[in-house]
Amino acid sequence: MKKKYWLLLSTVFAIMLVLAACSGKDSETGSEKPADKEPAKTEEGAKGEGGSTAEQPTLSSEVTNEGDALTGGTLKYALVASSPFKGVFSWELYQDAYDKEIMDLMTNSLFSTGEDFFITDEGIAKLDVDADNNKVTVTIQHDVKWSDGTTLTADDLIYPYEIIGHPDYTGIRYDGDFQNIVGAEEYHAGKADTISGIKKIDDKSIEITFKKVSPAIFSGGDGLWGYAAPKHQLQDIPVADLISSDAVRKSPITLGAFKLDKLVDGESVQFVANENYWQGKPKLDKVVLQIVPPASIGEGLRTGQYDIAMSYPANQYDGVKDLTNLTVLARPELAYSYVGFKLGKYDTAAGISTTDENAKMNDVKLREAVAYAMDIEQVGERFYQGLRSRATGLIPPTFASFYDSTLEGFNYDPEKAKALLEEAGYKDVDGDGIREDKEGNKFFVNLAAMAGSDTDEAIVEYYRQNWKDVGLDVQLSTGRLIEFQSFYDKVKADDPEIDMFMAAWGTGTNPSPAGIYEKEAAFNYSRFVSDELTALLKDIDSKKSMDAAHRGKAFRAWEEYMFAQATTVPMYFRTEIIPVNKRVKHYNIDWVNEIEWHEVEVVAEDSVK
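This write-up is about the structure you can find in this document. (Residues numbered from 1 in each chain as written. Predicted model: local features only at pLDDT ≥ 70, side-chain atom pairs only at ≥ 80, totals over all residues. Heavy atoms only, no water.)

Within the chain, the regular secondary structure consists of 15 helices and 20 strands. On the principal axes, the C-alpha backbone points of the chain span a range of 75 × 60 × 45 Å. Expressed as a percentage of its 609 residues, the buried residues of the chain come to 61%. Once local pairs closer than 6 in sequence are excluded, the contacts in the chain between residues at least 24 apart make up 73%. Only carbon and sulfur atoms are counted for the fraction: they give 47% of the accessible area of the chain, which is about 22,400 Å². Across the chain, the 64 positively charged side chains and the 101 negatively charged ones have centroids separated by 1 Å. (Helix = DSSP H or I, 4+ residues; strand = E, 2+ residues; numbered from the N terminus. Buried < 20%, exposed > 50% of the residue type's maximum accessible area, 1.4 Å probe, protein only. Contact = heavy atoms within 4.5 Å. Areas by Shrake-Rupley, 256 points an atom, 1.4 Å probe, with all protein chains shown as cover. Lys, Arg positive; Asp, Glu negative; His and termini not counted. Charge placed at Lys NZ, Arg CZ, Asp CG, Glu CD.)

If you want it as structure tokens, here you go:
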């Protein structure tokens, strides 16, 4: 459905359209991504020393198939994953991309977004911003009901804030952004029974007062939460117990087009049409979602076992590109892959990251050498059929108004990597081709990387050879690639076996990097903090940044600082690839024109084979 511009904003907001970007049909939050499953950004691959530019396929974001649509029908949905899903069906508590994919079918999103990815007035709720007084009003616009028939009210808009801010909250979204809400810190500390900055105006409206309002507010930032929570279902469950409750795990009450009907933990979900959906009953009767291993998905699509495949591995594009029973769609992704370096710990009691000056990887020249040694261009061409390109920064090109194409980032330059290691004192003392540390002792780096499709091991081994070529002994943490859920458990726990790790971020719809890199962010997995970094992040989301030119400079300054520190090295920009069976009548994944789930139809009882 084509989204319209939100034309009712102030002149300041109109000027900001030149700069801001935050995407998608619904407002989203950041999530952990499978590092080696998601495809790359569709653009010309960068050329580095020894690299080459791979020709990239031309893929559409939309398909329409012939035939009259059936009344009802069941869609077969494959979620490609090498791990079971966790099954945390709460926007306040989930963390990984698989649970997000499942929740998208039954989303509680309040806001819709439009061209250039700003919040519009076409969703369940509208947002009115009073920047001069640091306040916003969120108003339910329609007669909206939960999937159990209960009316959505202002209490359901407030309750997510009470969950995230609660002293017993077990999630990771109580961060610096959330603390921007007046009274949030006092509530979290147990000094107040409510969040003083959040007030119920009437049954359909709430007012939120912030310490400051910046351009991020229009992208769902500054502490604004974009989802409702069914208070009538959750209020009697202690916040500490929510994550293990049936209300979150087995029987969530939701606002989306479909509602959960049957569940096999970690394996499959059957959804049925939500007859109370605010935009009308969906055209499909059911959606059956199943976890499908990467090794099986190609054959499953060929034989018509699945109608749509999400998280399809880019390095398996060759296996489906010529199948005549489906169309492969693509769109640039709100995500990037990266190499992170462990530089400290997360203090769970204080809720902040702390950097350890004595961490093994706390040498910027060592980190730079790791980056310059990586032949990412060859990996993109050989293993991803040109569907990934070297990332030059930490803002995906999908955020067109924020992405800075003049940034050069790191390129493949093994000679520069060797020179940096020499300068830093990492020398090959015994002549075996592997460098010792600065004191002449044996030196190795433990790398954590995710298991996934058949070629993931080959890709990691290729990079290990790149590093060996410049004299670095890089060994695998645990001795092997690590299953997705276990990988992030180890990374979040700052496992001492991990010196560096390959991962990926789903950025969500807010381009501000604060939620991933500020010292209060549990998502700050490198645990790098500094006064300068804090100041740069605050400047991006400051009052001064209501001026588009100032915010552009603030983003650039932060990107340059992150490049100079090399604590998080961007690897790939990504393209999401979605194979769609020709039984599906019409499917559009363009961020602005994306088809809504209640509109999806099929033209035959069985999938085309």
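The strands making up a sheet are joined through hydrogen bonds of the backbone, oriented either antiparallel or parallel. Taken together, four strands build an open sheet; the order of strands is β4-β5-β7-β6 and the sheet is antiparallel. Edge positions in the sheet fall to β4 (125-130) and β6 (198-202), since each of these pairs with one other strand and no more. Neighbour-to-neighbour, the strand axes of the sheet open up by a mean angle of 20°, direction not taken into account. In terms of strand pairing, strand β5 (residues 135-140) meets strand β7 (residues 205-209) through five bridges, oriented antiparallel. Looking at the pairing, T137 lines up with E207 of β7. Sheet contacts for helix α3 (residues 154-165): β5, β6 and β7; angle to β6, the most-contacted strand, approximately 175°. (Pairing = 2+ DSSP bridges. Axes fitted to C-alpha atoms, helices over the stretch in contact; angles between N-to-C directions.)

Here the distance between the centres and the angle between the planes together describe a pair of aromatic rings. Tallying each qualifying case throughout the model produces 31 aromatic pairs. An aromatic cluster is built from Y98, Y336, Y338, F484, F487, Y488, F501, W505, F523 and Y525, whose rings are joined through pairwise contacts. Sitting above the plane of the W591 ring, R331 keeps its charged end 3.9 Å from the centroid. (Phe/Tyr/Trp six-rings, centres within 6.5 Å; stacked < 30°, edge-to-face > 60°. Lys NZ or Arg CZ within 6 Å of the ring centre and 35° of its normal.)

Glancing now at the layout of surface pockets. Space inside the largest pocket adds up to approximately 410 Å³. Lining the largest pocket are 17 residues, and of these G171, Y174, Y346, T348 and G351 lie nearest its centre. For the lining of the largest pocket, a count of residues per class yields eight nonpolar, five polar and four charged. The calculated volume of the second largest pocket comes to roughly 330 Å³. For the second largest pocket, the lining is made up of 15 residues, of which G176, D177, K212, E518 and K538 are closest to its centre. (1 Å grid on protein atoms, 1.4 Å probe; cavity = no way out; pocket = protein on both sides within 12 Å on 5 of 7 lines; lining within 4 Å. Points joined across faces, edges and corners; volume = space filled by probe spheres on them. Nonpolar A, V, L, I, M, F, W, Y, C, P; charged D, E, K, R; others polar.)

Here we come to the pairing of strand β16 (residues 445-448). Neither face of β16 is exposed, since V445 and L447 on one face and N446 and A448 on the opposite face are all buried. The pairing of β16 with strand β17 (residues 474-476) spans three bridges and is classified as parallel. Across the sheet, L447 pairs through a bridge with L476, a residue of β17. Sheet analysis places β16 next to strand β18 (residues 500-506), joined by two bridges and oriented parallel. Opposite L447, over in β18, you have M500 as the bridge partner.

Judged by nonpolar contacts, the single largest core of 183 residues is most densely connected at L224, Y463, W467, W558, Y587 and W597. The element contributing the most residues to this core is strand β12 (residues 326-341), with eight residues. Once residues within four sequence positions are removed from consideration, W467 is found in contact with V370, A373, M374, L447, L472, V474, M500 and M502. (Core = buried A, V, L, I, M, F, W, Y, C linked by side-chain atoms within 4.5 Å.)

Let's shift gears to the environment of V239. By the secondary structure assignment, V239 is in the loop between α5 (231-234) and α6 (246-249). Judged by its relative accessible area of 10%, V239 is buried. When the C-alpha atoms of V239 and D404 are compared, they prove to be 41 Å apart, with 165 residues separating the residues in sequence. Contacts of V239, omitting those with residues within four sequence positions, involve I163, H166, D168 and Y169.

Applying the stated criterion across every chain yields a total of 32 salt bridges. Residue D489 pairs with K86 through a salt bridge whose shortest N-O separation is 3.6 Å. You can see D489 sitting in helix α12 (residues 484-492) and its partner K86 sitting in the loop between β3 (74-80) and α2 (97-103), a full 403 residues away along the chain. Of the residues examined, D489 reaches a relative accessible area of 39% and is grouped as partly exposed. Residue K86 is classed as partly exposed on the basis of its relative accessible area, which comes to 32%. The partner of R527 in a salt bridge is D494, with the nearest N and O atoms 2.9 Å apart. Of this pair, R527 sits in the loop between α13 (514-517) and α14 (531-540) while D494 is found in the loop between α12 and β18, placing the two residues 33 residues apart along the sequence. Three or more residues are tied together by salt bridges with common partners; here these are D155, K200 and D203. (Salt bridge = Lys/Arg side-chain N within 4 Å of Asp/Glu carboxyl O.)

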